[in-house]
Amino acid sequence: MRISDFIARIITQRRALVWCGATALAVACITILVTSLRLDSDVLNILPSSFRSVQGLKIYDREFEQTRELTFALLCDPNDVDKLEDFAPAFAEKLRQQPWCTRVLAGSPMATPDGIRDLQSIAAPLLLNLEPGAFNETMSILQPQKIRDRLHRLHQHIEAGSPRAEFELSFDPLGLIAPALKPFAESTAIEQDQPLTSPDRTMRIFLAVTNQSSISAFECQRLMRRVNAFRATAHEGWDGGPLEILVTGRSAFVSEISLSMRYDILATLAGSVVLVGTIFFVGFRRWLPLLGMGFSLLLSCLVALTLGLLIFGRLSMVSVGFCAILVGLGVDFAILIFGRYQQARTDGESHGQAIATSVAKLGKAVFFGALTTAVGFLALVLSGSMGFSQLGVLIAIGIFVAGLFMCSILFLFIRERQAPVRHDWVFEIIKKYVCWVVRRPAPMLIFSSALLLLLSAIGFSPIPPLHFEASTRSLEPKNSRASVALQKIMHKMPMRWEPVLAVVHATNPQELHDDWQKIAVHWSDLQAAGKIKSFSTPAALCLSPKSMQRNREQLSAVNFPAAHETLEQTLDAEGFSRDAFASAFTLLDNLQHLVDPDTPLPNWRAQLPRSSSWWFLVDRYFGQDPLLTAGFVTTNQPVSTHAQREDLGRNLPVLLIISALMAFFDVSLLAILYRDLRLWIIQVITLAFAIGAMIASMKLLHIDLNMLNVLSFRLVLAIGVDYGIYVVLIWQKTREIEHDVAGVVKPVVLAGLTAVAGFGSLVLAKNPALSSLGSACAIGIFWSLVATIFFTLPAMAAAEPKPRHENKIDTD
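Only a predicted model underlies this, so the values are computations on that prediction, with no experimental measurement involved.

Rules of the game
Residues numbered from 1 in each chain as written. Predicted model: local features only at pLDDT ≥ 70, side-chain atom pairs only at ≥ 80, totals over all residues. Heavy atoms only, no water. Core = buried A, V, L, I, M, F, W, Y, C linked by side-chain atoms within 4.5 Å. Buried < 20%, exposed > 50% of the residue type's maximum accessible area, 1.4 Å probe, protein only. Helix = DSSP H or I, 4+ residues; strand = E, 2+ residues; numbered from the N terminus. Domains from an automatic or database assignment. Pairing = 2+ DSSP bridges. Axes fitted to C-alpha atoms, helices over the stretch in contact; angles between N-to-C directions. Contact = heavy atoms within 4.5 Å. Phe/Tyr/Trp six-rings, centres within 6.5 Å; stacked < 30°, edge-to-face > 60°. Lys NZ or Arg CZ within 6 Å of the ring centre and 35° of its normal.

**Considerations on the nonpolar core**
Formed by 144 residues in total, the largest nonpolar core has its most connected members in Met293, Phe322, Phe759 and Leu793. The element best represented in this core is helix α31 (residues 768-799), accounting for 18 residues. Viewed by domain, this core spans two of them, domain 1 (1-36 + 285-422) and domain 2 (423-471 + 638-812), each represented by three or more residues. Among the nonpolar cores identified, the runner-up in size contains 77 residues, and Ile147, Phe171, Leu196 and Met203 belong to it.

Structure follows, in structure tokens:
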């Protein structure tokens, strides 16, 4: 028994069994998706994982607390800058009181008493971490005469009205803390390189670390709902003009991207179904098969999404375009199969016979069409991008499943007693065109060749150029509030661009210390040469066990009792209160305690209070693993766009090479399938014309390439091959031109229009890259359809003329 007869028998005699199987499959898929669906909104997963820059950013996002940081900005009118200065402390206090906020940085920690006291608490380990020469020079300050001279000098300067001397006396009366903290202060000079106040004082920045348990899409959405509720009431107490409260950060972007993903899935799928359904009804004037097509496509989407989720664990933002893409591709199968079924019914065949005929006549074409499309998209696994790999696997699975369902489940929605259409005006128009082209192919062949050749010349010419948009902003939702906030901050504070990130992971503390010392020297040379503006490293906080042990041995030469006694006597002589200098006595006691070799070396992590605002800056450099660190370089101008263009420019040829390899696979498959050199050459020229016209249209319409719509070339090639297979195979087999060729051209035309409509619905997406993908695919499929109908058909008629009135059909 032939497979087509088996399918017809199952559909007609075991309908209940097929319905139960389809329902059980749908319920299983929905259950898995509802209970296990996880969305990956990380833009970095769209970029190739082989990029070292992408690897570093992923590590930083995953292992560092900065990923839970939100940036708040207060923006006022120029006339209200003084009011903003007064309102800022109240806003910062409100922010600290929020249950989702763990720390707030509203200014330099050095400007607060707690910040100064916290620095004093970590002076001992940082002092021991100094280089031997600097350590010995610093410890010489503890000589009794130097202690007396320093305190007397500071006393005189205070009496002369010097505020600096007063600060120095309260912060570092012995002169030991400043040398110990000098490297640390140089590495964390945030006010100089990354100010929290704009030059015109109309914007104030507040950095807040949240307590969210993860940066998953749902956690970020939950957090941003609470943040937006805070924003709604944060204006209380402001009595000036308009005050804008801006929020940006990783959580804000993830929340908006994930919400836009949900909208894009629903909007694009709904748009595809409406547009495709309208064209299907116009072409066939049947509602029930339209519902069958929609059900089959929906079930195909569910199966592919479920298998994709089980394979990858989560679905990326690129995958939101999968449903619309599958609708645009899978509807071809439905239209072809149903069109052939309807033609068989018109010829007088029974319901079961018509099912067997449609599957037998077009099953091979559907199989090879699904094969070329699936293999083409599976090649995206080679792109190195997790997002593109997922998209390729989902479409490959979905297109095979869709081909299977269109040859089986679709017929459940076709009534056996349904009368065939007696007058099909669409078919009559197409039939007249086919007869005219077969009889006189030259006029249409000349016109279409001239038009497509002109467009291809424009497309493949370097002038005008086809631009490539390298910025990852093309992957962000349109009108993103987080993006708008970031742009306003960058406009007000152009010096706050993202620095270049360097990640260092060592195996032990000594290795970490040595690595950062070498890096700091190299970056210092670059700064001196004017190649970079500034840099900051955790070098001062990367303790060297060797240096600390060596310096501790030198502590035995210091007379701490004498220093302690001298400090007491001098404070009394100068009229100072001993209680005000408790931190100095504590430091002397700590250093004296370290003389004992059995005492463990101090660790600043254990001594810095967890409530300290300095942790805000420490977390910038240290990951959850203390041996995983990051440093930053501020360049003389933003390099993000240039760097992305360089990296993505190197990756774009990879995607194009993959497309070229798959195109080679396609044409090789066509050669095996057609076994006719003339028809093969016609098909290859058709594909070249379609791609050339597509590129020309994108140039003329100013549609730039990006990391997502570059996939359109692969998709257009696959669909162009499918259309060619449908038309060429029937041309090779048939001897009744008016009946069979016109009967296939009609479904091809309807399939092309529905594919254009399906991909065109992606324009509704909020994601600009996804929207541009829809535009590019719609343009490419349109030209593939035009080239197939107006070039391939007359070219075949000119190359292999066939008699028009033979009623015999070759069934070989």
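There's more to say after this.
**Thoughts on the sheet that holds strand β7 (residues 500-505)**
In space, the three strands of this open sheet follow the order β7-β9-β8, with antiparallel pairing throughout. Edge positions in the sheet fall to β7 and β8 (534-536), since each of these pairs with one other strand and no more. Between one strand axis and the next, the sheet turns by 20 degrees as a mean value, whatever way the strands run. The strands touched by helix α21 (residues 509-528) within the sheet are β7, β8 and β9 (628-634), with β9 carrying the most contacts at an inclination of about 5 degrees. Contacts from helix α26 (residues 614-621) reach β8 and β9 within the one sheet, and its direction differs from that of β9 by about 95 degrees.

**With respect to the packing of aromatic side chains**
Applying the stated criterion to the full structure yields 24 aromatic pairs. When the ring of phenylalanine 87 is compared with that of phenylalanine 91, the centres are 6.3 Å apart and the planes differ by 40 degrees; the resulting orientation is tilted. Placement of both phenylalanine 87 and phenylalanine 91 in helix α4 (residues 81-96) is noted, with a separation of four residues, approximately one turn of the helix. Phenylalanine 91 shares its class with phenylalanine 87; the two are buried. Aromatic pair phenylalanine 295 and phenylalanine 413: ring centres 5.7 Å apart, planes at 45 degrees, arrangement tilted. Here phenylalanine 295 is found in helix α14 (residues 288-312), whereas its partner phenylalanine 413 is found in the loop between α17 (386-406) and α18 (425-439), with 118 residues between them in sequence. For phenylalanine 295, a relative accessible area of 24% translates into the label partly exposed. Each residue in the set Phe72, Phe87, Phe91, Trp100, Phe206, Phe230 and Trp238 is aromatic and connected to the rest through ring pairs, giving one cluster. Across from the ring centre of phenylalanine 622, 4.9 Å away, lies the NZ or CZ of arginine 605, which sits over that ring.

**Focus: the sheet that holds strand β4 (residues 203-210)**
If you walk across this open sheet you meet the four strands as β3-β4-β2-β5, and the pairing is antiparallel. Across the chains shown, the open sheet's two edge strands, defined by having one partner strand only, are β3 (101-105) and β5 (244-249). On average, each strand axis in the sheet is tilted by 25 degrees relative to the strand beside it, whichever way the strands run. Against the sheet, helix α20 (residues 481-492) contacts β2 (69-75), β4 and β5, and its axis sits at roughly 105 degrees relative to β5.

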